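Descriptive analysis of the structure
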Amino acid sequence: MMNDIIFLVDMQSFYASIEKSANPNLKNQPVVVAGDPERRSGIILAACPLAKKYGVKTAEALWEAQQKCPHLVIVRPRMQLYIDISYQITQILERFTDQVEVFSVDEQFMDLTGCERLFGDMNTIARKVQEEIQEELGVYARVGMGPNKILAKIACDNFAKKNDEGIFYLSQENMKQTMWKLPVGKMFGVGSRMERHFHRMGIQTIGDLANYPVHYLKKRWGINGEVLSNIANGIDYSPVTTHTHNSQKAVGHHMTLPRDYETLEDIKIILLELSEEVAKRARSKNYRGHTVSLGVRGANFDHPTGFHRQIKLTSPTNYGMDLFQAALQLLNKHWDGLPVRSVGVTLSQLQSADVYQLSLFDASVEKDQLSQAMDDIRLKFGQTAIVRASSLRDGGQVFDRSKKIGGHYK
């Protein structure tokens, strides 16, 4: 694996770059792609380099960004367009190798091992990748390179994004002089909470973590401690695979509400809609699940409230009302009665829907037939062709959500 050539290709300010490419009038403007502030989704999803020069950051509130840059140009997200262009980028990368792994909508891994004879050395290939994406789609790509996926990812995030070429190679040979000097919070897999833990242990840099006795890390965090140690030492055995998203551990859906939901009746409406959506997604992927989780976040940011709890079902299901009844049980038990800002429902411990234990008591066949009939109607006539009557009330969001992809309008 030391001689493998792995790329992580990342699109700079992906959403904003697409919008600027589509509209030449935006070329020299500080552009951000952001949600709708009137529906409490006014969060920066992407900021172009010009906007970032004013201090605008991804994931900050739109009003904060406007204070930093009053002449900010705000574009509403077009999620279907971004997904379509992401697919076109995959097709470009597949001209160089058939081993392309979609890591996210704007990041993709490539295994180019053995491709040097066809396209040149890895720096030449990286430049060709950049050129073809830029010429055909108007998006600038940064390329992190390494002998494995983790080093390619760290190379891209910490070095390729910050140099003029947008290309960097990170290897076992140069990581001690480069990666090990970075703050430990810059390492892939280390969030702010884990960073605080490391600081209390005297671990300030990635190099400190790499040289920390692994048995202490395993004692504290189990197998995850060993994984973190491996990452710090540039060790990663996971292959680039085209089947990354073929299997899932869970199916879920989360929604930030357009207003604070204060009554149990309103929350039950959104709970049923989310349960139906999760069940439909599970059926589309041919899954049933054993465990239902409910996450609720309160409306008060200064004094956060809410909970995240789960319940194990007696038998696996992908029927919406089963999920709803389980989620409602969790809500009745754990909700503190305070206004709610967001709700999420998740089905986990998945298994194939083809094999399950028939029961004399839960009408499994009838549930399957009813679910299939509803799915067929929605497939033929649209997602809102058949809805629960409760969704017609003020708290219902199913009609608005049907116009969105990933929580944003198409």
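Everything here concerns the structure above.
Let me begin by describing the structure that accompanies this report. As the structure is a computational prediction, the values presented were derived from the model and not from experiment.

A few words on the overall build of the protein. Of regular secondary structure, the protein possesses 15 helices and 14 strands. Against the 2.2 N^0.38 benchmark of 22 Å for 410 residues, the protein shows a C-alpha radius of gyration of 24 Å, consistent with a compact globule. Projected onto its principal axes, the C-alpha positions of the protein cover 60 × 55 × 45 Å. Taking all 410 residues of the protein together, 46% fall into the buried category.

With that settled, the discussion passes to the sheet that holds strand β3 (residues 44–47). Strand order across the open sheet formed by three strands is β3-β2-β4, with mixed pairing between neighbours. Edge positions in the sheet fall to β3 and β4 (73–75), since each has one partner strand and no second. Averaged over all pairs of adjacent strands, the angle between their axes in this sheet comes to 30 degrees, without regard to strand direction. Examined bridge by bridge, strand β2 (residues 31–34) and β3 share three bridges and lie antiparallel to one another. Across the sheet, the residue bridging to V33 is A46, located in β3.

Next up on the list: the pattern of salt bridges. Taken as a whole and assessed by the stated rule, the structure comprises 19 salt bridges. Note that R78 is salt-bridged to E19, the shortest N-O span being 2.8 Å. One end of the pair, R78, is in the loop between β4 and α4 (79–93); the other, E19, is in helix α1 (residues 14–22), with 59 residues separating them in the sequence. With a relative accessible area of 4%, E19 lands in the buried category. With a closest N to O distance of 2.7 Å, D375 and R283 form a salt bridge. Of the two residues, D375 sits in helix α14 (residues 364–381) while R283 sits in helix α12 (residues 264–284), which places them 92 residues apart along the sequence. Each member of the pair, D375 together with R283, is buried.

With that settled, consider the packing of α12 against α14. The N-to-C vectors of α12 and α14 enclose an angle of 90 degrees; their axes lie 11 Å apart at closest approach. In terms of orientation, α12 lies roughly perpendicular with respect to α14. Facing α12, whose interface residues are E276, K280 and R283, α14 presents S371, M374, D375 and R378. For the contact of α12 with α14, the per-class residue count stands at one nonpolar, one polar and five charged.

The subject of this paragraph is the sheet that holds strand β12 (residues 340–352). A sheet is described by the order of its strands in space; here four strands give the open sequence β9-β12-β10-β11, paired in antiparallel fashion. Edge positions in the open sheet fall to β9 (250–261) and β11 (306–317), since each of these has one partner strand only. Geometrically, the sheet is characterised by an average inter-axis angle of 15 degrees between neighbouring strands, direction not taken into account. Strand direction decides the pairing type here: β9 and β12, joined by eight bridges, are antiparallel. Directly across from A250, in β12, lies its bridge partner S348. Helix α13 (residues 320–334) rests against β10 (287–298), β11 and β12 of the sheet, and its axis sits at about 145 degrees to β11.

So, how was this worked out
- Residues numbered from 1 in each chain as written.
- Predicted model: local features only at pLDDT ≥ 70, side-chain atom pairs only at ≥ 80, totals over all residues.
- Heavy atoms only, no water.
- Helix = DSSP H or I, 4+ residues; strand = E, 2+ residues; numbered from the N terminus.
- Rg over C-alpha atoms; globule rule 2.2 N^0.38 Å.
- Buried < 20%, exposed > 50% of the residue type's maximum accessible area, 1.4 Å probe, protein only.
- Pairing = 2+ DSSP bridges.
- Axes fitted to C-alpha atoms, helices over the stretch in contact; angles between N-to-C directions.
- Salt bridge = Lys/Arg side-chain N within 4 Å of Asp/Glu carboxyl O.
- Parallel < 35°, antiparallel > 145°, perpendicular 65-115°, else oblique.
- Contact = heavy atoms within 4.5 Å.
- Nonpolar A, V, L, I, M, F, W, Y, C, P; charged D, E, K, R; others polar.

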